[in-house]
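This is what each chain is made of:
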Amino acid sequence: MNTLIRQDIASLRPYEAHIVEGNIKLDANENPFPWPDGMREELFNFQYAFNRYPDSQTRMLREAIAAYNGVKAEEVLVGNGSDELIQVILHTFGGEGRALMIHPPTFGMYAAAASITSTSLVEVPLLEGISLDLETMLKKCSENKRVKVIIICNPNNPTGTLFPREEILKIVKNTEALVVIDEAYAEFSGETLLDQIIDYPNILIMRTFSKAFGMAALRLGYVIGNKELITCLNKVRQPFNVNSFSQRAGIVALKYVSAYQTQIAAIKKEILMLYNELHKFEELKVLPTRANFILFRPQDPEYWAEGLSSRGFTIRSLGELPGLGKSLRVSAGTPEENRAFLKIIKDIAKSNIETSPLKKISRFNGMYGG
Ligand SMILES: Cc1ncc(COP(=O)(O)O)c(C=O)c1O
C-alpha cells in the first residue's frame, strides 16, 4: 500500500480525538447544556422514511436556515458539518496549482483539507498571535495569483479573538480570491458579515449547528453566499451529504431559537466569569475572548493540563502556537462544571508539587481545532 498511496496523503496523520472516560469535557467548544425542553421529543416523534434517501436538496432545512439568517434559500448550502464544507470549498476553488491563505494560529481543519485537496498553503501568522497582518496578507495575495481562497476564522479558534469587520472587508475589497469567513462561534460573538454577501460576491459565510445549537454529534454545517457561489459548490458536494435525521434536527432546532438564546446568554455569562477568575492568576496569561472558550498560557502547560486531567477535567493542549507559544484552551461548561474547574485551577496554582497524572489527555497533536 505504501507504494500505491499518494505520497502527500501518506505523510498525513489521521485525526484522533482523545476521550478520557469519566472526565468533564471542556476541550471541544461544545454547548454543555441539554437541548431545550421538548426538542428531543419533537425530533424523535417525527415519522422518518429511513429506507429512502434523504432530500438531496435539503429544501426544508435550507428554508429554515435562510429564515433564521434573513437570506434566501438559494444562498444556502448545507454540509455534513462545516468540516465537510471546508473540503468542498477547496475541491471547488483550490486544488493542484492553487493556494489557500490562512492566518495561524487558527482552526486545524483548513490546513488538513488543503493537504487532502492538493491545495498549497500560504500562511500569514497573526501578529502577536491575535491580530490580522493585513499588510502581509494583501501583499502576498497580489504577488501570488495562485491564492484563490482565503479563510478568516472569526472569532478565531483557538484564540477567541474577534477581528474588526473593517479589516476583513479590506481584504475582501482588495482581492479577487474567495474569502470564506468561518463564523462557527457567531452566536456567541454576536457579530457577522452576513449583510455583506449582497455587496461582495466573493464572500462566503460558514456556520455550524455544532457549537451554540449543541448538535456536534449530528454533523450539520452550512455556508451562505451569493447564488453563483452556491451553484459552484453544489456541483462538488456528495448528493446525499446530510442524512434525514440531521436535516430534521436542524429544522426542529431553529424552532427553539429563543430557548437557545437563553443558553447562549448563560454561556456568555460563564465565559466572562471564567475569564475574570482565570485572569486573577498572573501565571496563566489569559487572552480576551468573544467565543465560548478561553486560551491561556501557563508557564508549564503540560503540568497544568495533566493536573487538570488527573482531577477529572479534559481541556485542549494546543502545542506551540505561532506568536503565542504553548497554550491551553478551555471551553465553558455548565455553571457547576466551571466552578469545579476553577477550584482545581486554584489547587494546582497552590501546589508546587508535581502531580502524577492518572490519565492521559490529548496532547500537542498539532491541530488547533476541535
Ligand atoms: C472555527 C471552526 N470551524 C468549524 C468547526 C467544525 O464544525 P463542524 O462540527 O460543523 O464540522 C469548528 C469546530 O471546532 C471550528 O472551531
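Residues numbered from 1 in each chain as written. Predicted model: local features only at pLDDT ≥ 70, side-chain atom pairs only at ≥ 80, totals over all residues.

Undergrad: I'd like to hear about the site of the ligand, residue by residue, with values.
TA: If you check the shell around the ligand, you find 15 residues, and the closest are G81, D83, T208, S210 and G221. Partitioned by chemical class, the residues of the shell around the ligand number four nonpolar, nine polar and two charged. (Near = placed C-beta within 6 Å. Nonpolar A, V, L, I, M, F, W, Y, C, P; charged D, E, K, R; others polar.)

Undergrad: Can you explain unusual backbone geometry? Please cite residues and give values.
TA: P105 follows P104 through a cis peptide bond whose omega is 0°. Among the secondary structure elements, P105 is positioned in the loop between β3 (99-102) and α5 (109-116). Omega for the peptide link from N154 to P155 comes to -5°, which places this bond in the cis form. Among the structural elements, P155 can be located in the loop between β5 (147-153) and α7 (165-173). Located in the positive-phi region is S118, a residue other than glycine, with phi close to 60°. Of note, S118 is situated in the loop between α5 and β4 (120-123). The phi torsion at R219 lies on the positive side, around 55°, for a residue other than glycine. We classify R219 as buried; it has 20 C-beta atoms within 10 Å. (Helix = DSSP H or I, 4+ residues; strand = E, 2+ residues; numbered from the N terminus. Buried ≥ 20, exposed ≤ 12 C-beta atoms within 10 Å, placed from the backbone.)

Undergrad: I'd love a proper account of the domain arrangement of the protein, names of residues and values included.
TA: Domain boundaries assigned for the protein yield domain 1 (7-32 + 258-350) and domain 2 (39-256). For domain 1 versus domain 2, the separation of C-alpha centres amounts to 24 Å. The interface is formed by 24 residues belonging to domain 1 together with 26 residues belonging to domain 2. Put simply, the parts of the chain that give the side of domain 1 that touches domain 2 at least two residues each are α11 (257-279), β9 (293-296) and β11 (316-321). Ranked by residue count, the leading element in the side of domain 1 that touches domain 2 is α11, at five residues. (Domains from an automatic or database assignment. Contact = placed C-beta atoms within 7 Å.)

Undergrad: So, the environment of Y68: which residues are in play, and what are the values?
TA: By secondary structure assignment, the location of Y68 is in helix α3 (residues 59-69). According to the C-beta neighbour criterion, Y68 is partly exposed, with 15 such atoms within 10 Å. In sequence terms Y68 and V257 are 189 residues apart; their C-alpha atoms lie 8.7 Å from each other. Dropping the residues within four chain positions of it, Y68 is found in contact with L254 and V257.

Undergrad: Just give me the short version of the pairing of strand β8 (residues 221-224), but keep the residues and values in it.
TA: Successive side chains on a regular strand alternate, one facing one side of the sheet and the next facing the other. Residues G221 and V223 of β8 are buried on one face, and the alternating residues Y222 and I224, pointing to the opposite face, are buried as well. Pairing of strand β2 (residues 76-79) with β8 involves four bridges; the strand directions are antiparallel. The partner of V76 across the bridge, within β8, is I224. Bridging between strand β7 (residues 203-208) and β8 involves four bridges; their strand directions are antiparallel. Bridge pairing links I205 to I224 in β8. (Pairing = 2+ DSSP bridges.)

Undergrad: Please give an account of the nonpolar core that cites residues and values.
TA: Counting 93 residues, the largest nonpolar core has M101, Y110, V149 and V179 as the members making the most contacts within it. Each of domain 1 (7-32 + 258-350) and domain 2 (39-256) accounts for three or more of the residues forming this core. Apart from residues no more than four positions distant in its own chain, Y110 is found in contact with I86, L100, I102 and I151. (Core = buried A, V, L, I, M, F, W, Y, C linked by C-beta atoms within 7 Å.)

Undergrad: Account for the environment of S120, with residues named and values stated.
TA: With respect to the helices and strands, S120 occurs in strand β4. Sequence-wise, S120 and R146 are 26 residues apart; in three dimensions their C-alpha atoms are separated by 8.9 Å.

Undergrad: If you had to explain the pairing of β4 to someone new, which residues and values would you point to?
TA: Where β3 and β4 come together, four bridges link them in parallel fashion. Across the sheet, L100 pairs through a bridge with L121, a residue of β4.

Undergrad: Describe the sheet that holds β9, and please don't skip the residues or the numbers.
TA: Across a sheet, strands are paired by hydrogen bonds formed along the backbone, either parallel or antiparallel in direction. Taken together, three strands build an open sheet; the order of strands is β9-β12-β11 and the sheet is antiparallel. With one partner strand each, in any of the chains shown, β9 and β11 form the two edges of the open sheet. Adjacent strand axes in the sheet meet at a mean angle of 25°, parallel and antiparallel pairs treated alike. Along the sheet, helix α12 (residues 301-310) makes contact with β11 and β12 (325-331), crossing β12 at roughly 25°. (Axes fitted to C-alpha atoms, helices over the stretch in contact; angles between N-to-C directions.)

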